[in-house]
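# Per-entry structural report
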Amino acid sequence: MHGQDGRATMFIRKGVKMKSKSRPSAKPADQSAFAKATADKSTIKAGAHPVRNSTMPNPNTSGQKGKISNGAQIIVDMLIEQGVDTMFGYTGGVVLPLFDRLYDAPIRFIVPRHEQGGCHMADAYARASGKVGVILATSGPGACNLVTGLATAMMDSVPMVALTGQVRTELIGNDAFQEADTTGITRPVTKYNCIVKDVKDLARTIKEAFYIASTGRPGPVLVDIPVDIAVSKCNLDGPVEMELPGYRSQPKGNARQISKAAEAINKSAQPVLYVGGGIISSNASEELRQLAKKAHLPVTMTLLGLGSFDQRLPESLDMLGMHGTAYANYAVQQCDLLIAVGARFDDRVTGKLATFAPNAKIIHIDIDPASISKNVHVDIPIVGDAKEILVELIKEVEFKERKKWFAKVAEWKKKFELRYDQQASSIKPQYVIDEICRQTKNEAIITTGVGQNQMWAAQFYKFIRPRQFISSGGLGTMGFGLPAAIGAQIARPDATVIDIDGDHSFNMTMTELATAVEHNLPIKVCILNNGYMGMVRQWQELFYNKRYSKSYLANPDYAAVAKAMGAVGETVDKKADVPKVIRSMLAEKKPCVVDFRVEKEENVWPMVPAGKSIDEMNGLDILESMA
Ligand SMILES: Cc1ncc(C[n+]2csc(CCOP(=O)(O)OP(=O)(O)O)c2C)c(N)n1
Ligand SMILES: [Mg+2]
């Protein structure tokens, strides 16, 4: 919790605890330096700040010399220094000093209708752009509303900085109005969090927050700022230096381990590359493509890895795991070498651990040492940045034809291609996605809700580049899709951004349509409306004897809701109308919602039942029957 000695207490993932030190007391202001700093600031324009990238940590020293500021102004100055030109947040009593300083700051500020929505927006902004997403909330209810969004970002390793207001320092612990123990509540869902109790620590703490969020395994960092700190005066009398003695990030992989991995790849007859979101966060897609081509390796991706490898390439096995392709799952189960890069052997990927990839030697490349051999024993671990390691690995691997292995993979691919009933008279949800993919020529940014809609989007949209698929993988947060589309569209104003959503997922955060309308964002929401919480219904059908307990809810008329909020709304209930409605949706400049009334009891196939090996898939006969 809060440091007892008035100094910030900080925690990092896996409980590494660090104490911050107070900087020496401020010197009197140097008037000429103050004038210079003010003059410098007046020249800064929105968008003119150098953009920080997660692989480019800031140098250790910076800051404006000899400037008297209050805490709120220091925060704004540090945000600008960190390259923030866009942020998300919601106001409240204890953040008023900060909002006052933001009033004329050169930062685009987006106000969501609920802090959770704002947090998802900042998260998707980060995923779409590669920059750090920034969210601001007031104390108590505002901070509490961030929890789901922070947990979502934490599980998916998304770089974010959350700033929260807190009650005055002397009131902390008094059950003051709108007091919540924000650092206590958010500790398990942040990579690092702290409360600032001395204005002299503020600039350094903000700088450290950005550094920690964007280096190593990225993640959300929260800084809690009591209102008295925001109004305290401080003399910034020198460069802002970070003090993170316990924090290390190790981008370079061990050369001997890399050689061992190359040797194993060169020897392997049946290898598989299994890649996750780490490829995307380390901007290593091009290196992945080179490795797959040079060493001739089939590639399968996790949900978060989608987009890291062009799915149109012959080496792509698409997604693996519970709703992955049969050809990916078979290849993993039968491979003799599994090369995992930036992936964490999540249970939705591995199925039954005891029988996962039973014949494979395992190489695991990951920036986070804690994820190595966490779930699966690893033979050749390499800790470091995926991009840097792949660059070295590519140098040492050789091309091998592996004719038999590729022939086998091609046979599975043909036999178990993902299919749906194209002759059906009803609207199949897969058909809607197929048509969206066709009309957008694989180029759109897709966000999703959670459930069947998410799995079908992952299966039927074929992604070609990184940062194109934005979905809540680890936490599986219903309600992510719409705010994520808003964050992605703000990050990528020229991109076509489509939220492929579930009816009930959309219902959780649909209030953010007002945000999209206010900012005139051309996002497109495609609701695959099956009336059900479809994924829950599927499990109830398969494992609970079709007892659909509480998985059906009456929906509002989503097109009417959209119109009432100032967006475009359409309902589609005829299959024949699907292509033309998608065409007009894509041409629309206003936010729009299309409510596709899809087949109500369609299932996602294949499916590995929980606890089974990933080659024990249900639904393969259904896929084959539609060949
Ligand atoms: C916030 C939240 N609450 C509950 C769940 C559990 N859950 C997973 S999928 C699902 C149903 C989703 O329904 P819908 O959005 O209509 O999607 P569909 O499966 O029908 O495509 C539920 C309740 C969740 N993932 N997130
Ligand atoms: Mg549904």
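Each chain has its residues counted from 1, running along the sequence as written. Labels follow written order: the first chain is A, the first ligand is 1, and so on. Predicted model: local features are reported for residues with pLDDT of at least 70 only, side-chain atom pairs are reported and counted for 80 or more only, and whole-chain, interface and lining totals are derived from all residues. Side-chain numbers here rest on the full set of heavy atoms in the structure, without hydrogens or water.

### Observations concerning the overall build of the chain
Selection criterion: Secondary structure elements follow DSSP: runs of H or I of four or more residues count as helices, runs of E of two or more count as strands, with numbering from the N terminus. Each residue's exposure class comes from its accessible area (1.4 Å probe, protein chains only) as a fraction of the maximum for that residue type: buried when under 20%, exposed when over 50%, partly exposed otherwise. Throughout, a residue-residue contact means that at least one pair of heavy atoms, one from each residue, lies within 4.5 Å. Areas reported here follow the Shrake-Rupley algorithm with a probe of radius 1.4 Å; residue values treat only the protein chains shown as occluding.
When helices and strands are counted, the chain shows 25 helices and 22 strands. Expressed as a percentage of the 627 residues in the chain, the buried residues total 60%. Of the contacts made within the chain by residues no fewer than 6 positions apart, 76% connect residues no fewer than 24 positions apart. Entry remark: accessible area of the chain is about 23900 Å², with carbon and sulfur atoms responsible for 52%.

### Things to note about the nonpolar core
One recurring pattern in soluble globular proteins: nonpolar side chains tend to sit buried together. Heads up, the rule is: For this analysis, a nonpolar core means a set of buried residues of the types Ala, Val, Leu, Ile, Met, Phe, Trp, Tyr and Cys, connected via side-chain atoms within 4.5 Å. Throughout, the edges of the domains are those of an automatic or database domain assignment.
L273, I363 and L393 are the most contacted members of the largest nonpolar core, which has 67 residues in total. Residue assignment places this core across two domains, with domain 2 (255-415) and domain 3 (429-605) each supplying three or more. When sequence neighbours within four positions are dropped, the list of residues in contact with I363 reads A261, A264, I265, L337, L338, I339, A340, V378, I380 and I382. Judged by nonpolar contacts, the second largest core, of 45 residues, contains A137, V158, V189 and V525.

### Points about the pairing of strand β22 (residues 592-597)
In plain terms, the rule: We call two strands paired when DSSP finds no fewer than two bridges between them. With the strands pointing away from the viewer, any crossover whose connection runs clockwise from the first strand over the helix to the second is right-handed.
Most of β22 is tucked away: five of the six residues are buried. Sheet topology places strand β20 (residues 524-529) next to β22; six bridges connect them, and they run parallel. Bridge pairing links I527 to D595 in β22. Strand direction decides the pairing type here: strand β21 (residues 568-572) and β22, joined by five bridges, are parallel. Residue G569 lies in a different strand from β22, and its bridge partner there is V593. For the segment spanning β21, helix α24 (residues 578-587) and β22, crossover handedness is right-handed.

### Structural notes on the site of ligand 1
The following threshold applies: Being near a molecule or strand, for a residue, means having at least one of its heavy atoms within 4 Å of it. Here a polar contact is recorded for every N or O atom pair within 3.5 Å, except that within protein the pair must consist of a potential hydrogen donor and a potential acceptor, and residues adjacent in sequence are included only if both atoms are side-chain atoms. Residue classes follow a fixed rule: Ala, Val, Leu, Ile, Met, Phe, Trp, Tyr, Cys and Pro count as nonpolar, while Asp, Glu, Lys and Arg count as charged, and any other residue, Gly among them, counts as polar.
Neighbouring residues of ligand 1: 17 residues in total, closest Q452, G476, D503, S505 and G534. Here an oxygen atom of ligand 1 and a backbone polar atom of G534 are 2.6 Å apart. Computed on the free molecule, ligand 1 has an accessible area of 590 Å², of which 76% lies beneath the protein chains in the complex. Secondary-structure elements contributing two or more residues to the shell around ligand 1 are α18 (452-460), α20 (503-509) and α22 (534-543). A total of four residues in the shell around ligand 1 trace back to one element, the largest contributor, which is α20. Across the shell around ligand 1, the residue classes break down as seven nonpolar, nine polar and one charged.

### Overview of the pattern of salt bridges
To keep things clear, this is the line we draw: Salt bridges are counted wherever a side-chain nitrogen of Lys or Arg sits within 4 Å of a carboxyl oxygen of Asp or Glu.
Going through the model one piece at a time under the given rule, you end up with 29 salt bridges. One salt bridge connects R344 with D346, and the closest N-O pair in it is separated by 3.6 Å. The salt bridge partner of D347 is R348, with a shortest N-O separation of 3.5 Å. Exposure remark for R348: the relative accessible area of 43% places this residue in the partly exposed category. Connected through shared salt-bridge partners, D201, R204, E208 and E243 make up one network.

### Quick word on the pairing of strand β17 (residues 445-448)
Taking every second residue as pointing to the same face, both faces of β17 are buried, with I445 and T447 on one and I446 and T448 on the other. Summarising the sheet, β17 and strand β19 (residues 497-502) pair through four bridges and their orientation is parallel. Considered in β19, the bridge of T447 is made with D499. Pairing of β17 with strand β18 (residues 469-470), which is carried by two bridges, proceeds in the parallel orientation. By the bridge assignment, T447 is partnered in β18 with I470. Once you follow β17 into α18 and on to β18, the crossover reads as right-handed.

### Digging into the packing of helix α2 (residues 71-81) against helix α8 (residues 202-214)
To keep things clear, this is the line we draw: To define axes, lines are fitted to C-alpha atoms, for helices over the stretch in contact only, and angles between the resulting N-to-C directions are given on a 0 to 180 degree scale. Crossing handedness follows the turn of the near helix against the far one: under a right angle anticlockwise gives a left-handed crossing, and clockwise gives a right-handed one.
Packing of α2 against α8 brings their axes to within 9 Å, and their N-to-C directions diverge by 35°. Crossing of α2 over α8 shows right-handed handedness. Contacts between α2 and α8 involve G71, I74, I75, M78, L79 and E81 from the first element and L202, A203, I206, K207 and F210 from the second. Tallied by class, the residues present in the contact of α2 with α8 amount to eight nonpolar, one polar and two charged.

### Quick look at the packing of aromatic side chains
For clarity, the threshold we go by: Note on aromatic pairs: the rings of Phe, Tyr and Trp (six-membered ring only in Trp) are paired at centre separations within 6.5 Å, and the planes decide the class, stacked below 30 degrees, edge-to-face beyond 60, tilted for the rest.
Taken as a whole and assessed by the stated rule, the structure comprises 15 aromatic pairs. With 6.1 Å between their ring centres and 90° between their planes, W405 and W412 make a pair best called edge-to-face. W412 sits in the buried class, given a relative accessible area of 9%. Between the aromatic rings of F463 and F469, the centroid separation amounts to 4.8 Å while the plane-to-plane angle is 45°, which identifies the pairing as tilted. Taking relative accessible area as the criterion, F463 reaches 0% and is therefore assigned buried. Among the residues examined, F469 registers a relative accessible area of 8% and is labelled buried. Here a set of aromatic residues connected by ring pairs shows up, and it is made of Y330, W405, W412 and F416.

### Quick word on unusual backbone geometry
Leaving glycine out, the prevailing phi sign among residues is negative, and the prevailing peptide bond configuration is trans. Put simply, W605 and P606 share a cis peptide bond, and its omega is -5°. Considering the arrangement of structural elements, one finds P606 in the loop between β22 and α25 (620-625). In this structure, A357 is a non-glycine residue whose phi angle is positive, near 40°. Its location among the elements puts A357 in the loop between α14 (347-350) and β15 (361-366). Its identity as a non-glycine residue notwithstanding, K550 has a phi of 60°, on the positive side. Within the secondary structure, K550 sits in the loop between α22 and α23 (558-564). Residue classification places K550 among the exposed positions, given a relative accessible area of 72%.

### Here we look at the sheet that holds strand β16 (residues 380-383)
Adjacent strands of a sheet pair through backbone hydrogen bonds, lying either parallel or antiparallel. If you walk across this open sheet you meet the six strands as β13-β12-β11-β14-β15-β16, and the pairing is parallel. Strands at the two margins of the open sheet, each flanked by one partner only, are β13 (316-319) and β16. For this sheet, the mean inter-axis angle between neighbouring strands, taken without regard to orientation, is 15°. Taken together, the four bridges between β15 and β16 define a ladder with parallel strand orientation. Counted as the bridge partner of D366 is V383 from β16. Each of β14 (337-341), β15 and β16 touches helix α10 (residues 255-267); the most contacted strand, β16, lies at about 135° to it.

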